[in-house]
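# Observations on chain architecture
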Amino acid sequence: MESHSGIAAVVKKTLNRRYRAERRFRRIGLAAVAVGLLFLAVLFTAIVSKGYTAFQQTHVLLDVYVDPDVVHVGNLDSADYQGLIKASLRELFPDVKGHRDKRNLYKLVSSGAGSILRQKVLEDTSLIGRRIQIWVPADDDVDMVIKGHVDRSLPESQRRLNNKSLAWVDALKEQGRLEKRWNLTFFTAGDSREPELAGIWGATVGSFYTLLITLSLSFPLGTAAAVYLEEFAPRNRWTDLLEVNINNLAAVPSIVFGLLGLAVFLNFFGLPRSSPLVGGLVLTLMTLPTIIIAGRAALQSVPPSIRDAALAVGASKMQAVFHHVLPLALPGMLTGTIIGMARALGETAPLLMVGMVAFIVDIPRGFTDAATALPVQIFLWADSPERAFVEKTSAAIMVLLGFLILMNGAAVFLRNRYERRW
Amino acid sequence: MTTVGEIRAANPRMTCRQVNVYYGDKHAIKNVSIDIGRNEVLAMIGPSGCGKSTFLRCLNRMNDTIEGCRVTGTITLDGQDIYDPDLDVVLLRAQVGMVFQKPNPFPKSIYDNIAYGPKIHGLARTRSELDQIVETSLQKAGLWDEVKDRLKHPGTGLSGGQQQRLCIARAIAVSPEVILMDEPCSALDPIATARIEDLIHELREQYTIVIVTHSMQQAARVSQRTAFFHMGDLIEVGPTDRIFTRPRHSLTEDYITGRFG
């Protein structure tokens, strides 16, 4: 038998080893967290550093003479406003002769400049016959030069702007006629072939309608299913099978739901293609299992003693569930729903299958209008060849991430505010 | 196995005859017959897992909520078979209230805890009637003076003993005839326990009480009759003072003298 001090020495030796193991484990854990954070930081920096420039757009200051010969009360809507813009450019550079040079000169200004001028004249017809100063968006090629995304040392043939155009840009800049201004268009316009005219509002509205459909279908259906399965359904082979299937559905790749939507909603029911209605239905199918699983977990976390208490004072099963269990489970169910919605907001693949990937310029006005969604818009822009769409893509990602952070934040807030610990 | 002692009561509120309970294949209660007299406190004692809680839960059909639980035999309340398919279990539970081992107030206000039962049964027509029921119930449970100024406070904010008295008040509020108590003091400290035991004494005048307890001292203090369960059998039943002084069955004697438990 060892003496007391001998045992203490033995224990001490193992103690050191145990503490070392614990320290080692903590360091590994910290390192894992650090690596995760690092990746997140890299991701965010990459997106933000690429995208922040999209919130500004180069504008050109033009002196436009609203020629009464071109614009008069009879043709306010259809007058050749772009022609007026072109005339003002010719005035700025009177030396430019020749058809090709002129065309290049006109290309410095966005093709949407005319409609901006029209908007101004429509608002105030007294402008007709006067000379006005107006800021119009520059073409995306000019925008890229101003933002420093173009390498001027490249041979002329490999640049979008030739030497003459660059000289004009420099001249405009010297005269203070080029300025980067807040890009409101990006937040108010739909998609466009011209990067300087493209915006995310159309996709945002499309996403909104789609999610509205998804929420209004999947929340009541998911909650009802969760309550029935958890509180009322008998436990037998059929409900076990059902549970396994719901869990499997939650893991089904989302593109499969898209194919299902294509086959059922579009081809069989003939619902309108590319519409938020169909997109919402498909996302409902995708979100339902998530909501049911989260709902059941929330119901399970309500202790049985609450059910017992209600039943023991003579509440019926239904009353016990709806008066006591459901209100206590609701914060958890809402959290699950919000997280499901956030997933639905970021979902792209199933929407591609039901035609929400179309190029849509108009802002959707209802559930059956053709629309696209934010992540699909990102996909579309990422695929576009113009250099200016690179920053637009990143900016759209920032907007989408903003919405996602907002929704997940709401889920965390709900959980902390209303969750009850037992 | 036949039960030793007197299973009959002079003026029974509830009678149980040949009650068997099965959990799936497990035979949890074996052929138990016992009467529960009016205005008496019946204590049910026995080692853990002997089936006393299971039997208690038969008396207001709380076992219905357990999957795979099957009850045979007859249990009557005032002559009415409570397992009769025509009998409404909601009505039964309004007549046979229950207090659980762990205090389980609803996470609502003290007032709402008490008012819930009367509300769903439509026992009060007006707000003031409801107020009256809440006050009387809390008074009967000896809690009124402690909480009358904070009826809107959450019931879960009370101490453990207060919570348990709140649960008793909640059971009383629907004016039951029988109150079942499943180890109501096992989660409480000795002072809170003493208060509950005093309360049981007072409640006995108006209600029939069946209490499951692990503490033989408690059984001796609060009950008039005691039933000893072992492995699903009702071994012995009789007047409490006789059971604790002159047990007739050797198992009962072994248990109350602390040879097993």
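Residues numbered from 1 in each chain as written. Chains lettered and ligands numbered in written order. Predicted model: local features only at pLDDT ≥ 70, side-chain atom pairs only at ≥ 80, totals over all residues. Heavy atoms only, no water.

## As for the pattern of salt bridges
Basically, it comes down to this: By definition here, a salt bridge exists when the distance from a side-chain nitrogen of Lys or Arg to a carboxyl oxygen of Asp or Glu is within 4 Å. Relative accessibility under 20% of the residue-type maximum defines a buried residue, over 50% an exposed one, and the middle range a partly exposed one, all with a 1.4 Å probe and only protein chains included.
What the rule picks out here adds up to 27 salt bridges over all chains. The salt bridge partner of B:Arg125 is B:Glu129, with a shortest N-O separation of 3.6 Å. With a relative accessible area of 29%, B:Glu129 lands in the partly exposed category. Connected through salt bridges with shared partners, the residues A:Glu230, A:Arg235, A:Glu243 and A:Arg296 form a single ionic network.

## Some words on the UniProt feature "domain: ABC transmembrane type-1" (unreviewed entry) in chain A
Just so we agree on the cut-off: UniProt positions are given in the numbering used here, feature names are shortened, and annotations may be inferred rather than shown by experiment. Working definition: helices are DSSP H or I runs of at least four residues, strands are E runs of at least two. Numbering for both runs from the N terminus.
Using the residue numbers shown here, the UniProt feature "domain: ABC transmembrane type-1" (unreviewed entry) corresponds to residues 204–411 of chain A. When the span residues 204–411 of chain A is considered, its composition is 76% helix and 0% strand, and the gap between its end C-alpha atoms is 21 Å.

## Observations concerning the packing of helix H3 (residues 99–106) of chain A against helix H6 (residues 163–174) of chain A
Describing two packed helices takes the angle between their axes plus the distance from one axis to the other. All names here are of chain A. Applied cut-off: Orientation is described by axes fitted as lines to C-alpha atoms, over the contacting stretch for helices, and by angles from 0 to 180 degrees between their N-to-C directions. When an angle is under 35 degrees it counts as roughly parallel; over 145 it counts as roughly antiparallel; between 65 and 115 it counts as roughly perpendicular; any other value is oblique. Take the far helix as your reference; a near helix turned counterclockwise from it by less than a right angle gives a left-handed crossing, and one turned clockwise gives a right-handed crossing. Should any heavy atoms of two residues lie within 4.5 Å, those residues are considered in contact. The nonpolar class holds Ala, Val, Leu, Ile, Met, Phe, Trp, Tyr, Cys and Pro. Asp, Glu, Lys and Arg form the charged class, and all remaining residues, Gly among them, are polar.
Packing of H3 against H6 leaves a shortest axis separation of 10 Å and a crossing angle of 45°. Between H3 and H6, the interaxial angle falls into the category oblique. The crossing of H3 and H6 is right-handed. On H6, the residues that touch Asp101, Asn104 and Leu105 of H3 are Lys164, Ser165 and Trp168. For the contact of H3 with H6, a count of residues per class yields two nonpolar, two polar and two charged.

## Some words on the side chain of B:Thr193
Here B:Thr193 lies in helix H7 (residues 190–203). Not counting residues up to four positions away in its chain, the partners in contact with B:Thr193 are B:Cys185, B:Leu188 and B:Gln218.

## What about the interface of chain B and chain A?
You'll often see interface size given as the accessible area lost when the parts meet. Selection rule: Buried area, as used here, totals the accessible surface that two parts lose on assembly, with accessibility defined by a 1.4 Å probe and the loss added over both. Polar contact is the term for a pair of N or O atoms within 3.5 Å; when the atoms are in protein, one must be able to donate a hydrogen and the other to accept it, and sequence-neighboring residues count only if both atoms are side-chain atoms.
Between chain B and chain A, the contact holds 23 residues from the first and 19 residues from the second. Between chain B and chain A the total buried area reaches about 1600 Å² when both faces are included, carbon and sulfur atoms providing 63% of it. Area buried by chain B at its contact with chain A is led by B:Phe106, B:Pro107 and B:Tyr116, which between them contribute 30% of it. Along the contact surface separating chain B from chain A lie zero salt bridges. Across the chain B-chain A interface, the total number found is five residue pairs in polar contact (both at pLDDT 80 or more). Listed by contribution, the elements that provide at least two residues to the side of chain B that touches chain A are helix H2 (89–95), strand E7 (96–99) and helix H3 (110–121) of chain B. Looking at the side of chain B that touches chain A element by element, the count peaks at four residues for H3(B).

## Topic: the sheet that holds strand E2 (residues 12–23) of chain B
All names here are of chain B. Convention followed: In this description, strands pair whenever DSSP reports at least two bridges between them.
Strand order across the open sheet formed by four strands is E3-E2-E5-E6, with antiparallel pairing between neighbours. A strand with exactly one partner marks an edge of an open sheet, and here the two such strands are strand E3 (26–37) and strand E6 (80–81). Here two bridges tie strand E5 (residues 69–77) to E6, and the two strands are oriented antiparallel to one another. Across the sheet, residue Thr76 finds its bridge partner in E6, namely Asp81.

## Observations concerning the UniProt feature "transmembrane region" (unreviewed entry) in chain A
According to UniProt, the positions carrying the feature "transmembrane region" (unreviewed entry) are residues 28–48, 208–229, 249–271, 277–299, 320–342 and 395–414 of chain A. Structurally, residues 249–271 of chain A is divided into 74% helix and 0% strand, and its ends, taken at the C-alpha atoms, are 24 Å apart.

## Section: the pairing of E5(B)
Residue and element names in this part refer to chain B. Two strands pair when backbone bridges link them, and E2 and E5 are joined in this way by eight bridges, in the antiparallel orientation. Across the sheet, residue Arg17 finds its bridge partner in E5, namely Thr74. As consecutive antiparallel partners, E5 and E6 are separated by two residues, and within that stretch Asp78 has a phi angle of approximately 50°, a positive value.

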